[in-house]
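# Observations on the three-dimensional arrangement
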Amino acid sequence: MKIKPSYEIQNIVSYGYLPVELDLFKLALKLDDIEYEPEQFPGAIVKLQKPKVSLLIFKNGKVIVAGAKNEDTIKEALRVAFKLVRSHSKTKPPERYTPKYTVVNIVSSGSLNVWIDLYKITTKLPEVEYEPEQFPGAIMRIPEPKCSFLLFKNGKIIIAGCKVEEDIKKALVVLVKKLEPFVLEPPKKK
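Residues numbered from 1 in each chain as written. Predicted model: local features only at pLDDT ≥ 70, side-chain atom pairs only at ≥ 80, totals over all residues. Heavy atoms only, no water.

### Digging into the overall build of the protein chain
- Counting its secondary structure elements, the protein chain contains four helices and twelve strands.
- In summary, the protein chain has a C-alpha radius of gyration of 21 Å against a globular reference of 16 Å for 190 residues, an excess of more than 25%.
- Dimensions of the protein chain along its principal axes, counting C-alpha atoms only, are 65 × 35 × 30 Å.
- By residue count, 37% of the 190 residues in the protein chain fall in the buried class.
- Partitioning the intrachain contacts of the protein chain with sequence separation of at least 6 by distance along the chain shows that 63% fall at a separation of at least 24. (Helix = DSSP H or I, 4+ residues; strand = E, 2+ residues; numbered from the N terminus. Rg over C-alpha atoms; globule rule 2.2 N^0.38 Å. Buried < 20%, exposed > 50% of the residue type's maximum accessible area, 1.4 Å probe, protein only. Contact = heavy atoms within 4.5 Å.)

### Regarding the state of the cysteines
- The full count for this structure, using the stated rule, is zero disulfides.
- Cys 147 takes part in no disulfide bond, and the closest cysteine sulfur to it belongs to Cys 162, at a distance of 4.1 Å.
- Here Cys 147 falls in the buried class, since its relative accessible area comes to 4%. (Disulfide = S-S within 2.5 Å.)

### Observations concerning unusual backbone geometry
- Following Lys 50, the chain continues to Pro 51 via a peptide bond in cis, the omega torsion being -5°.
- Residue placement: Pro 51 occurs in the loop between strand E3 (44–48) and strand E4 (53–57).
- Looking along the chain, the bond that leaves Glu 144 and enters Pro 145 is cis, with omega of -10°.
- Counting through the fold element by element, Pro 145 comes out in the loop between strand E9 (138–143) and strand E10 (146–151).

### As for the environment of Lys 100
- With respect to the helices and strands, the residue Lys 100 is situated in the loop between helix H2 (71–85) and strand E6 (101–111).
- On the basis of relative accessible area, Lys 100 is assigned to the exposed category, the value being 59%.
- Spatially, the C-alpha atoms of Lys 100 and Ser 54 are 17 Å apart, while their sequence positions differ by 46 residues.

### Observations concerning the pairing of E6
- In terms of strand pairing, strand E1 (residues 6–17) meets E6 through ten bridges, oriented antiparallel. By the bridge assignment, Gly 16 is partnered in E6 with Tyr 101.
- In terms of strand pairing, E6 meets strand E11 (residues 156–162) through five bridges, oriented antiparallel. From the neighbouring strand, Ser 108 faces E11, where its bridge partner is Ile 159. (Pairing = 2+ DSSP bridges.)

### Structural notes on the nonpolar core
- Counting residues in each nonpolar core, the largest one holds 53 residues, and the members touching the most others are Leu 55, Phe 149, Leu 151 and Leu 179.
- Excluding anything up to four places from it in sequence, Phe 149 contacts Ala 138, Ile 139, Met 140, Ile 142, Ile 158, Ile 159, Ala 171, Leu 172 and Leu 175. (Core = buried A, V, L, I, M, F, W, Y, C linked by side-chain atoms within 4.5 Å.)

Here's what the structure looks like:
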């Protein structure tokens, strides 16, 4: 059986910058849908509905965007965040704002579309950790492109750590080469 991987991006985490200095306490008093508890966490949590993402906003204007499935969503989230906070800024905000951000992590789910022998993989590949008593998946880390896989015996996978989609594709090529000897026949249906 041949491994034919597929994947879908589930979450892109990035950090960006809003060119303002904020008073998060005042911001939390004036805006709905914001959580700010400075004794527990120094940033404010904002859950946007459109686009559907979560933002961590800090007083220096730094923003972490989580939940985006593509980079257009990140840009839109930063534009929405700027519109929300600009009137609550301690400093004079610029008239125009172009979102700038850096992708930190892309998380994807997918399938190898085959069953794999996790026990054999663990004994033959040193980059794989598998403790079935604690978790049903094996963890495999590869150095180039740098990322991690969660592997399940039914061929389902989670890919984390890539910063660009092209690296996901490259990582899957590496994964397929390493796992080809460990493909199993699917279990017979009863």
